[in-house]
Amino acid sequence: MTQAKTVLLVDDSRISRLMLKAIINSKYPDWQISEAEDAIDALNQCRMETFDFITLDMNMPGRDGLTISPELQESCPAAKIALLTANFQERIQEQAKAQGLSFIPKPITEEKILDYLTKSLMSN
């Protein structure tokens, strides 16, 4: 059994956050899951708490996922961050990779999320 982890779900869609939370809870019921609906909320939470994983939506009101990821990485340097987006453009995928982010294309599926978490846990 893995040690309990902390996860921050950053997405302006409440439905996306609920889906992610349900998927993670189904496999890892003891993990602490926090939610943020925008970049400012995410940055504030990262300044107060450390996270093992952060899922980050690309398109949000205000600042997008790629714009805030460097600040999140600075505030939570140990966190593994995944950009979760319906924007499949190669340019976006390249920018995510250049920033050290994992890339998970939407729609959200249990298989994609659990595969990302499993691979990330194994790379520790």
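Going by the structure above, here's the rest.
No experiment lies behind these values; they were computed from the predicted model shown.

Draft legend 1. Just the pairing of strand S5 (residues 102-105), in detail. By the bridge criterion, 4 bridges tie strand S4 (residues 80-85) to S5 in an arrangement that is parallel. Paired with Thr85 across the strands is Pro105, a residue of S5. Regarding the hand of the β-α-β motif, the stretch spanning S4, helix H4 (residues 90-98) and S5 is right-handed.

Draft legend 2. Structural detail: helix H3 (residues 65-75). All buried positions along H3 are accounted for by Gly65, Leu66, Ile68, Ser69 and Leu72. Considered in projection along H3, the buried side chains sweep an arc of 150° and stay on one side of the axis. At the N-terminal boundary of H3, the capping side chain belongs to Asp64, with an oxygen 2.9 Å from the backbone nitrogen of Leu66.

Draft legend 3. Local environment of the packing of helix H1 (residues 14-27) against helix H5 (residues 110-122). Close contact between H1 and H5 brings their axes to 10 Å; oriented N to C, the two are set at 55°. Regarding the angle of H1 to H5, the classification is oblique. Once H1 is placed against H5, the crossing between them reads as right-handed. Side by side, H1 and H5 meet where Leu20, Ile23, Ile24, Ser26 and Lys27 of the first sit next to Glu110, Ile113, Leu114 and Leu117 of the second. Per-class residue counts for the contact of H1 with H5 are 6 nonpolar, 1 polar and 2 charged.

Reading the values: rules and limits
Residues numbered from 1 in each chain as written. Predicted model: local features only at pLDDT ≥ 70, side-chain atom pairs only at ≥ 80, totals over all residues. Heavy atoms only, no water. Pairing = 2+ DSSP bridges. Helix = DSSP H or I, 4+ residues; strand = E, 2+ residues; numbered from the N terminus. Right-handed = clockwise from strand over helix to strand, strands pointing away. Buried < 20%, exposed > 50% of the residue type's maximum accessible area, 1.4 Å probe, protein only. Arc of directions from axis to C-beta. Polar contact = N/O pair within 3.5 Å; in protein donor to acceptor, adjacent residues only side chain to side chain. Axes fitted to C-alpha atoms, helices over the stretch in contact; angles between N-to-C directions. Parallel < 35°, antiparallel > 145°, perpendicular 65-115°, else oblique. Left-handed = near helix turned anticlockwise from the far one by under 90°. Contact = heavy atoms within 4.5 Å. Nonpolar A, V, L, I, M, F, W, Y, C, P; charged D, E, K, R; others polar.

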